[in-house]
2 protein chains.
Amino acid sequence: MVDIATRVYNHTWKIDPIVRSVLDTDFYKLLMAQTIFRRHRDVQVTFGIHNRTTRIRLADIIDAGELREQLDHVRSLSLTRGESTWLRGNTFYGKRQMFSPEFMDWLETFRFPEYLLEKEDGQYVLTFHGPWIETTMWEIPALAILNELRSRGVLKGMAKFELQVLYARAMTRVWEKIQRLKQLPDLSISDFGTRRRHGFLWQDWCVQAMIEGLGSSFLGTSNCLIAMRREVEAVGTNAHELPMVYAALTDSDEELAKAPYHVLADWQQDYEGNLRIILPDTYGTTNFLQNAPDWVASWTGIRIDSKDPVEGGEEAIAWWNQRGQNPKDKLAIFSDGLDVEVIERIHRHFRGRMRIGYGWGTLLTNDFRGLAPEQALDPISIVCKVISANGRPTVKLSDNPTKAMGPKDEIERYKRIFHVGAQTAKPVLV
Amino acid sequence: MVDIATRVYNHTWKIDPIVRSVLDTDFYKLLMAQTIFRRHRDVQVTFGIHNRTTRIRLADIIDAGELREQLDHVRSLSLTRGESTWLRGNTFYGKRQMFSPEFMDWLETFRFPEYLLEKEDGQYVLTFHGPWIETTMWEIPALAILNELRSRGVLKGMAKFELQVLYARAMTRVWEKIQRLKQLPDLSISDFGTRRRHGFLWQDWCVQAMIEGLGSSFLGTSNCLIAMRREVEAVGTNAHELPMVYAALTDSDEELAKAPYHVLADWQQDYEGNLRIILPDTYGTTNFLQNAPDWVASWTGIRIDSKDPVEGGEEAIAWWNQRGQNPKDKLAIFSDGLDVEVIERIHRHFRGRMRIGYGWGTLLTNDFRGLAPEQALDPISIVCKVISANGRPTVKLSDNPTKAMGPKDEIERYKRIFHVGAQTAKPVLV
């Protein structure tokens, strides 16, 4: 029996929406939004999409009309009553009322702001201008839409069983990864794969497979909607946009040098415990740690995001030791281009020396490498980054110069102020 | 939206029936049934199940109560109006009205006869006594039920995603086989996998994958129900039970020696063209061909079912040449334990020298080898064979003595009469 109503309802959609909920975003966006809401509600910023995998000409694959329809659909969304209830009533990181009533009131009335879409050299130039608190919300849905529209563009030409076997292969691959990870003692791993996922349903599948396959070793997902639906933890930390905007807003070299710590000072007023995770690499990890005030060393942990993981982890351990902290009490979160081999390598190297957490992103939720001809479904390295704040350009140096961003002269100025010397460029897969 | 009615309906089934239609059987059973209906309606035979893979103790895996429920469900089936219409209105092998109105009238009133179920040494002793025309119909559903109940017994303990990945792996495997077969020029292949399939839905999936993956190289399926639903050809030839019963009914050695040709003489009155396929191995191929009347050589083709395929094919070509027939006009159907490697080997060897058809069975519809621990889902070699006719034991010699059946003294007598000398035993995988 076909449920006629369901069939008719499904066919009345003009489009098949990719992002269907305000909560289909990373948890850290809400954490950061609350901090922005409290402190920087009037800052104007611009976010922009940047596809680092230039060989994939997104503007040739994705129809501009379809892209607009998807983005416009996001603009029609608002937080539902059930979603609001979940945010207000749930515990996050063991804490009730993570989000203040004032912030929740704002979030309930939030609508996604305008976007600007242009094409340039086979790529979409997609930008968001406006209040930081609004534009920041675009990062994840914009990326998820571009990635899923690209997948759809490739899948469109495939026949029914070809498609089914494509997913059969991808499922087998994820499952085999999970079976390997299962062998790792004391594993703690989360899904960080929203932004560059193959598609929403696929991310949801991956999370469920992790739930079944890893049991208590699976900590949760960064995706709020999936966390809500699958009743697992919503997890996340914070991102480079905070130090980047804080830095851009400074008026002197001296202030600039202090900006990264200013971020942490604000953050620790808002969040505690496992949410106090340092992201040290925005302007170079080494300098950041050397010049950090002691209270930074007392934070719960650190995120290693652009350095070689073993090198970055060793640096953190040495720093904690030097600051009189016991690394065994500390948590290192690895989240850069993770896949099973890397995770195994990190685990072998650090297990027992500190607490370890893995934020597994693109190669969990979008590992279709080699499953379509000409690598057409291989993940791409696409980001949505803050470009300017109150009219001033933002800068990111990173530990990997391939990930650096900003105008050349500003990059040089930042390098000077943060004492960043020669860096080794590493290719960025995802 | 859940279709409540569908959900409620599904849950009112006491069991999940494996065989849900009289047509969920092999096409050759209907062809043979019509010949039996015309000529041997009063012959009483006994069919019996035999599991050659003794390491798999079916009676330990399959609950006797569940087995009875499934068999009883088959006894509740009758040909539906739409099924009858399809048989009456369809063309089979290019011919309309393959089945006579008299036979169709009989089939419409047909109900499956009683069965006898006992256990012995970890195996089920499942036998069917009664008129040949009725008991013959049990072969395929009985085998399909035993195979699927065994699969279900193994799958019962598996979790949701473990199951999904199991099928993902099996799908990928079938698809990769299809992609390899696709490379073979002038391929003609059919599904012969009903009896030992993993399950009905799985066979249906495999057929659909062949339709999409192989296009016109896929000839059709032996399964009538799937042929009807998927609108492809229903295909089949004839089986050892005909010469076995004909032989058992003879009253002298002289008559016995002629029995295999007597079968063909009757058959060619009933069927023409591509249905005139010799099955020569019941009492040894070599002797059968040497002593065959010339009109047998004029038949369309031959089925190579228990000899090494290259040896059997060469023997057929030599025989046709010797009888003044052009092998290039002839059709050889290979159907014994086929898988991609064997098909490729046969194709390399014979392509261009005669027409070739493949009847791909168990390793199409039940290749779950290695996908469950302890080979628990590997296919088994189980058959349902005629054991006696009008109270006399039946005998099969085959070209492979591993497949021989019958009482020892009768086997010796048949060997003498059919001049079967030393034979080489080959292991039987499926």
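Residue numbers here run from 1 along each chain, matching the order of that chain's written sequence. To label them, take the chains in the order written and letter them from A, then take the ligands in the order written and number them from 1. Given that this is a predicted model, residues contribute local features only at a pLDDT of at least 70 and side-chain atom pairs are listed and counted only at 80 or more, while totals for whole chains, interfaces and linings are drawn from all residues. Side-chain measures here rest on the full set of heavy atoms in the structure, leaving out hydrogens and waters.

**Some remarks on the side chain of B:Gln208**
Part 1: A run of H or I in DSSP becomes a helix once it reaches four residues, and a run of E becomes a strand once it reaches two; helices and strands are each numbered from the N terminus. With respect to the helices and strands, B:Gln208 occurs in helix H10 (residues 200-214).
Part 2: Beyond its immediate chain neighbours, meaning those up to four positions away, B:Gln208 contacts A:Lys160, A:Phe161 and B:Arg230. A contact between two residues is defined here by any heavy atoms of the two lying within 4.5 Å.

**Here we look at the relation of the copies chain A and chain B**
Part 1: For the pair chain A and chain B, the best superposition has an RMSD of 0.0 Å and corresponds to a rotation of 180 degrees with a translation of 0.0 Å parallel to the axis. Considering both components of the superposition, the chain copies are consistent with a two-fold axis. Considering only C-alpha atoms, the residue of chain A closest to the rotation axis is A:Ala168, which sits at 2.1 Å.
Part 2: Looking at chain A, 100% of its interface residues are interface residues in chain B too, so the copies touch through the same face. Residues below a pLDDT of 70 in either copy are left out; the C-alpha atoms of the rest, at least 70 in both, set the least-squares superposition of the copies.

**Focus on the environment of B:Glu118**
Residue and element names in this part refer to chain B.
Part 1: By the secondary structure assignment, glutamate 118 is in strand E4 (residues 116-120).
Part 2: Distance from glutamate 118 to alanine 64, taken between C-alpha atoms, is 8.9 Å for residues 54 residues apart in sequence.
Part 3: Among all residues touching glutamate 118, those that are not within four sequence positions of it are Gln123, Tyr124 and Val125.

**With respect to a nonpolar patch on the surface**
Part 1: Only residues whose relative accessible area exceeds 30% and that form no salt bridge enter a patch; like-charged residues are grouped when within 9 Å of one another, and nonpolar side chains (Val, Leu, Ile, Met, Phe, Trp, Tyr) when within 5 Å. In these tables, accessible area is a Shrake-Rupley quantity obtained with a 1.4 Å probe, and a residue counts as shielded only by the protein chains included in the view. When a carboxyl oxygen of Asp or Glu is within 4 Å of a side-chain nitrogen of Lys or Arg, the pair counts as a salt bridge. On the surface, a cluster of nonpolar side chains totalling about 360 Å² of accessible area is made up of A:Met1, B:Tyr9 and B:Trp13.
Part 2: Here B:Trp13 shows up in the loop between helix H1 (4-12) and helix H2 (27-39).
Part 3: A relative accessible area of 33% means that B:Trp13 is categorised as partly exposed. For each residue, the accessible area found with a 1.4 Å probe, counting protein chains only, is set against the maximum for its type, and the residue is called buried under 20%, exposed over 50%, and partly exposed in between.

**Remarks on empty space enclosed by the protein**
Part 1: Every definition here rests on a 1 Å grid over the protein atoms only: cavities are sets of points where a 1.4 Å probe fits but cannot get out, pockets are open sets enclosed by protein on both sides within 12 Å along at least five of seven lines, and lining residues have some atom within 4 Å of a point. Grid points are joined across faces, edges and corners, and a volume is the space filled by probe spheres set on the points. Tallied over the entire structure, the rule returns 8 cavities of 30 Å³ or more.
Part 2: Looking at the largest cavity, its volume works out to about 590 Å³.
Part 3: Only H2, helix H8 (139-155), strand E12 (355-360), helix H18 (362-365) and strand E13 (382-389) of chain B provide two or more residues apiece to the lining of the largest cavity.
Part 4: Sort the elements by how many residues they give to the lining of the largest cavity and E13(B) lands first, with 5 residues.
Part 5: Residue type decides the class: Asp, Glu, Lys and Arg count as charged, Ala, Val, Leu, Ile, Met, Phe, Trp, Tyr, Cys and Pro as nonpolar, and the leftover types, Gly among them, as polar. Its residues assigned to classes, the lining of the largest cavity comprises 15 nonpolar, 10 polar and 12 charged.
Part 6: Mapped onto the domain boundaries, the lining of the largest cavity takes at least three residues apiece from domain 1 (4-158 + 378-416) and domain 2 (167-366) of chain B.
Part 7: Here the second largest cavity is characterised by a volume of approximately 510 Å³.
Part 8: Together, 30 residues line the second largest cavity, and A:Arg195, A:Arg196, A:Arg303, A:Asp305 and A:Ser335 are the ones closest to its centre. Domains are outlined according to an automatic or database domain assignment.

Purely geometric stuff here, so don't read any function into it on its own.
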